[in-house]
Amino acid sequence: MIDGNKVLFSGMQATGTLTLGNYLGALKNWVTLSDEYQCFYSVVDLHSITVRQDPAELRKRARNLLTLYIAAGLDPEKNCIYYQSQVSGHAELSWILNCFTYMGELNRMTQYKDKAAKHADNINAGLFTYPVLMAADILLYQSDVVPVGKDQLQHLEITRDIAQRFNAIYGDVFTIPEPYIGKAGAKIMSLQDPSKKMSKSDENANASIYLMDDPDTIIRKFKRAVTDSEACVRYREEQPGICNLIDIYCACTGKTPEEVEKEFDGKGYGDFKLAVGEAVVDVLKPVQERFADLCKDKAYIDGIIKTNAEKANYYATKTLRKVQKKVGFPERIR
Ligand code: TYM
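As a starting point, this report considers the structure included with it. Here the structure is a predicted model, which is why all the values come from computation and not from measurement. (Residues numbered from 1 in each chain as written. Predicted model: local features only at pLDDT ≥ 70, side-chain atom pairs only at ≥ 80, totals over all residues. Heavy atoms only, no water.)

### Digging into the environment of E57
Within the element layout of this structure, E57 appears in helix 3 (residues 55–71). For E57, a relative accessible area of 28% translates into the label partly exposed. Sequence separation between E57 and T15 is 42 residues; the distance between their C-alpha atoms is 9.1 Å. (Helix = DSSP H or I, 4+ residues; strand = E, 2+ residues; numbered from the N terminus. Buried < 20%, exposed > 50% of the residue type's maximum accessible area, 1.4 Å probe, protein only.)

### Some remarks on the nonpolar core
Formed by 62 residues in total, the largest nonpolar core has its most connected members in Y69, F222 and I248. For this core, the element with the highest residue contribution is helix 12 (residues 269–296), accounting for twelve residues. Non-local contacts of Y69, meaning those with residues more than four positions away in its chain, are made with G11, M12, L27, W30, Y41, S42, V43, L74 and I81. Membership of the second largest hydrophobic core comes to 40 residues, among which are L93, Y141, I158 and F166. (Core = buried A, V, L, I, M, F, W, Y, C linked by side-chain atoms within 4.5 Å. Contact = heavy atoms within 4.5 Å.)

### Some remarks on the site of the ligand
Surrounding the ligand, one finds 26 residues, the nearest of these being Y130, D137, G149, D151 and I188. At 3.1 Å, a side-chain N or O of N22 approaches an oxygen atom of the ligand. D151 is positioned such that a nitrogen or oxygen atom in its side chain is 2.4 Å from an oxygen atom of the ligand. About the coverage of the ligand: the protein hides 97% of its 710 Å² of free accessible area. (Near = heavy atom within 4 Å. Polar contact = N/O pair within 3.5 Å; in protein donor to acceptor, adjacent residues only side chain to side chain. Areas by Shrake-Rupley, 256 points an atom, 1.4 Å probe, with all protein chains shown as cover.)

### Quick notes on the pattern of salt bridges
Applying the stated criterion across every chain yields a total of 15 salt bridges. For R236, the salt bridge is made with E230, and the minimal N-O distance between the two is 3.0 Å. For R236, a relative accessible area of 30% corresponds to the partly exposed category. When its relative accessible area of 43% is taken as the criterion, E230 is described as partly exposed. Of the charged contacts, one joins R234 and D265 as a salt bridge, the two residues approaching to 3.7 Å between their closest N and O atoms. Of this pair, R234 sits in the loop between helix 9 (215–223) and helix 10 (240–253) while D265 sits in the loop between helix 11 (257–263) and helix 12; the two residues are 31 residues apart in sequence, bridging distant segments of the chain. Owing to a relative accessible area of 30%, R234 belongs among the partly exposed residues under this scheme. Taken together, the shared-partner salt bridges connect R63, K298 and D302 into one network. (Salt bridge = Lys/Arg side-chain N within 4 Å of Asp/Glu carboxyl O.)

### Concerning helix 10
For helix 10, spanning 14 residues, the distance from its first C-alpha to its last is 20 Å, which sits close to the expected 20 Å at 1.5 Å a residue. For helix 10, the tally of buried residues reaches twelve of 14 residues, placing the bulk of the element in the interior. Of all the positions in helix 10, only G241, I242, C243, N244, L245, I246, D247, I248, Y249, C250, A251 and C252 are classed as buried. Residues of helix 10 that are buried in the fold lie against helix 1 (20–33), helix 9, helix 11 and helix 12. (Expected span 1.5 Å × (residues − 1).)

### Things to note about the pairing of strand 3 (residues 80–83)
Neither face of strand 3 is exposed, since C80 and Y82 on one face and I81 and Y83 on the opposite face are all buried. Judged from the four bridges that link them, strand 2 (residues 38–43) and strand 3 form a sheet pairing that is parallel. Bridged to F40 within strand 3 is C80. (Pairing = 2+ DSSP bridges.)

### Focus on the pairing of strand 1 (residues 7–12)
The element strand 1 is largely enclosed, with a buried count of five among its six residues. As judged from the six bridges shared by strand 1 and strand 2, these two strands associate in the parallel manner. Its bridge partner lying in strand 2, V7 is registered against Q38. Viewed along the sheet, the connection from strand 1 through helix 1 into strand 2 turns out right-handed. (Right-handed = clockwise from strand over helix to strand, strands pointing away.)

### Remarks on the packing of aromatic side chains
What characterises a pair of aromatic rings is the spacing of the ring centres plus the angle enclosed by the ring planes. For the structure shown, the criterion picks out 15 aromatic pairs. Taken together, a centroid distance of 5.8 Å and an interplanar angle of 75 degrees make the contact between F40 and Y315 edge-to-face. On the criterion of sequence distance, the pair formed by F40 in strand 2 and Y315 in helix 13 (residues 298–327) is long-range, its members being 275 residues apart. A residue is classified by how much of its surface remains accessible, and F40, at 0% relative accessible area, is buried. A residue is classified by how much of its surface remains accessible, and Y315, at 17% relative accessible area, is buried. Centre to centre, the rings of F100 and Y170 are 5.9 Å apart; their planes meet at 70 degrees, and the pair counts as edge-to-face. Separated by 70 residues along the polypeptide, F100 in the loop between helix 4 (89–98) and helix 5 (103–107) and Y170 in helix 8 (residues 153–170) bring together distant segments of the chain. Residue F100 is classed as buried on the basis of its relative accessible area, which comes to 14%. Taken together through their ring pairs, the aromatic side chains of F9, F40, Y82, Y141, Y314 and Y315 make up a single cluster. (Phe/Tyr/Trp six-rings, centres within 6.5 Å; stacked < 30°, edge-to-face > 60°.)

Read these as layout, nothing more, since geometry by itself doesn't imply function.
Written out as structure tokens, the structure reads:
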């Protein structure tokens, strides 16, 4: 609790270009939830270097991502929007939690297995302990809730396990966080292969809608989306491509799958795909416009970065000192 409010934490990596999956699965929900909680939204740049990065590119992407959080509608006066690398408590707590996490647990992480397969020439220890850093992110702020897409659920489970293990030894140190998964859009799939999730790192640009895609590109990508030969808009397992488009349409419009089925009853896929594309354009356009405006105001963004890093540091240090004391480190002499 901070000032009587429950705490929310979430973060995104500044690697690659954000996709519609990131927006509908996470960012959009962050904005909806931000009134109810004391929120921390981090640009998790420490996580990014588990995969090789070009330094200048990483810095630029991280700043764009931080700006995008604001453009998406998060008020940086109320929400703490900051870079993970500017709060050293993340790395410090992560080390301590490493000592309370088992190799066997980390070995089971599907994201690790996927990434290790993709980057076989660079299976570094950071990639392996990535979930522990994520646990540190969340536990450092005594978070009650963590809004994420479905692909992060396993990491939330290990976070809870680590926290419970620590609490069982040292007493009630950490709040046990709950995941928050949105009603629609929790797992947006590739437009070219609906059995795969839409991902920043997909080599086929037609598979993902990027947040900065212009309206023509968005409509074109939806027109090319892989569907089936059933020729009816139905929300059922046998039609994964159509299901994905319905999910996207629902997440953008607030409609239910049943309402969408009715709306497109008797209509062809061409009409439906166009409607989905237009709904996505309507959602992304204002974000893109605000982003362009915010990028022009360097001093404003610099100010936000400074104040929010201080705020995040303040709360992070509170938990960190408590943990350090519990495990037996000497008190600091001021
Ligand atoms: P990242 O950067 O891969 O993704 C950011 C958020 O977007 C969600 N997401 C999706 N949701 C629906 N459909 C998709 N296709 C899709 N792709 C991505 C993710 O679930 C996520 O919520 N490890 C995290 C970042 C992180 C974090 C944290 C998150 C670091 N520390 C602490 C929460 C709490 C990651 O790489 O997300």
